[in-house]
Amino acid sequence: MKPSKNLLSPDNHALVLIDFEGQMAFATKSIEMATLRTNTAIIAGASKIFNVPTIVTTVAEESFSGPVFPEVEEFYPQATSGYIDRTTMNTWEDENAYKAITGTGKAKLVLAGLWTGVCIVGPALSALHEDYEVYVITDACGDVSTEAHERAIQRMIQEGVKPITSIQYLLELQRDWARQETYEAVTNLMKKYGGSYGLGIHYAHNMLKH
């Protein structure tokens with residue numbers, strides 16, 4: 001009856017959101033931007049609902065890359081979350097970001113952001129090198145081409161990274177619909193950002209009255 005220790009739970013990992021910024025998005029071609037923004041909202045909302053330690057990091061926010069996506073700001077406002085701005089392409093090589101991530105004390109790290117082949121590969125492989133268990137939310141990442149994104153994911157998987165998707169991440173944290181303390185927040189998040197699945201929840205709640 002015990003779940004696998006390989007599953008993510010609210011208290012066994014930290015989430016790192018990397019460079020969800022306008023300048024990085026402009027050249028992203030491997031995923032439709034509307035889809036990427038939706039998936040970003042799902043994972044940011046999920047981590048907020050379940051109180052997952054979450055680090056938001058940017059690169060040259062004021063001088064080049066610009067503000068973070070509104071979908072990140074919705075759940076983690078800069079005024080209260082304190083984004084970590086870097087000059088390094090590899091988040092792991094920035095002292096402040098490294099201390100924030102490792103300071104969570106979590107053995108599992110979940111990464112998402114732009115671009116897959118640079119800003120995700122760097123910290124993913126670096127964290128693996130320090131014996132962290134690393135997950136990448138592949139549909140909340142993007143790159144300058146499909147080729148660049150796919151080769152980056154393939155390279156990380158070969159090194160031991162575990163790929164997951166945005167809705168999978170949310171539902172793995174919820175795990176049981178009897179968990180009423182998060183049920184309403186999770187279903188509301190999906191109603192707003194869950195596409196057809198969210199419409200199905202909306203239908204059930206209204207037509208079936210539960």
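It should be noted that the structure appears before, not after, this text.
Residues numbered from 1 in each chain as written. Predicted model: local features only at pLDDT ≥ 70, side-chain atom pairs only at ≥ 80, totals over all residues. Heavy atoms only, no water.

Draft legend 1. Representation of the side chain of threonine 187 within the structure. Along the polypeptide, threonine 187 turns up in helix α10 (residues 180-193). Among the polar contacts listed, one links the side chain of threonine 187 to the backbone oxygen of glutamate 184, at a separation of 3.1 Å. Non-local contacts of threonine 187, meaning those with residues more than four positions away in its chain, are made with Trp177, Ile201 and His205. (Helix = DSSP H or I, 4+ residues; strand = E, 2+ residues; numbered from the N terminus. Polar contact = N/O pair within 3.5 Å; in protein donor to acceptor, adjacent residues only side chain to side chain. Contact = heavy atoms within 4.5 Å.)

Draft legend 2. How the structure looks around the packing of helix α2 (residues 33-49) against α10. Close contact between α2 and α10 brings their axes to 10 Å; oriented N to C, the two are set at 170°. Classed by the angle they form, the pair α2 and α10 counts as roughly antiparallel. Residue-level contacts link Thr38, Ala41, Ile42, Gly45, Ala46 and Ile49 of α2 to Thr182, Ala185, Val186, Leu189, Met190 and Tyr193 of α10. Split by residue class, the contact of α2 with α10 holds 9 nonpolar, 3 polar and no charged. (Axes fitted to C-alpha atoms, helices over the stretch in contact; angles between N-to-C directions. Parallel < 35°, antiparallel > 145°, perpendicular 65-115°, else oblique. Nonpolar A, V, L, I, M, F, W, Y, C, P; charged D, E, K, R; others polar.)

Draft legend 3. Local environment of the pattern of salt bridges. For the structure shown, the criterion picks out 8 salt bridges. Among the salt bridges present, the one from arginine 37 reaches glutamate 71, with a minimum N-O distance of 2.9 Å. Of the two residues, arginine 37 is situated in helix α2 and glutamate 71 in helix α4 (residues 70-75); the sequence distance between them amounts to 34 residues. Glutamate 71 sits in the buried class, given a relative accessible area of 9%. What you see here is one network of salt bridges that share partners, running through Lys108, Glu133 and Lys162. (Salt bridge = Lys/Arg side-chain N within 4 Å of Asp/Glu carboxyl O. Buried < 20%, exposed > 50% of the residue type's maximum accessible area, 1.4 Å probe, protein only.)

Draft legend 4. Main features of α2. Counted at 1.5 Å a residue, the expected span for α2 with its 17 residues is 24 Å, and the 24 Å between its end C-alpha atoms agrees. Along α2, the residues that are buried comprise Leu36, Asn39, Thr40, Ala41, Ile42, Ile43, Ala44, Gly45, Ala46 and Ser47. The first or second residue beyond α2 is asparagine 51, which carries a positive phi of 55°. (Expected span 1.5 Å × (residues − 1).)

Draft legend 5. Up close: unusual backbone geometry. A cis amide bond links leucine 114 with the next residue in sequence, tryptophan 115, at an omega value of -15°. Along the polypeptide, tryptophan 115 turns up in the loop between β4 (108-114) and α7 (116-129). For aspartate 19, which is not a glycine, the phi torsion comes out positive at approximately 60°. Positive phi, close to 65°, is recorded for arginine 175, a residue that is not glycine. Secondary-structure assignment places arginine 175 in the loop between α9 (166-174) and α10. Taking relative accessible area as the criterion, arginine 175 reaches 33% and is therefore assigned partly exposed.

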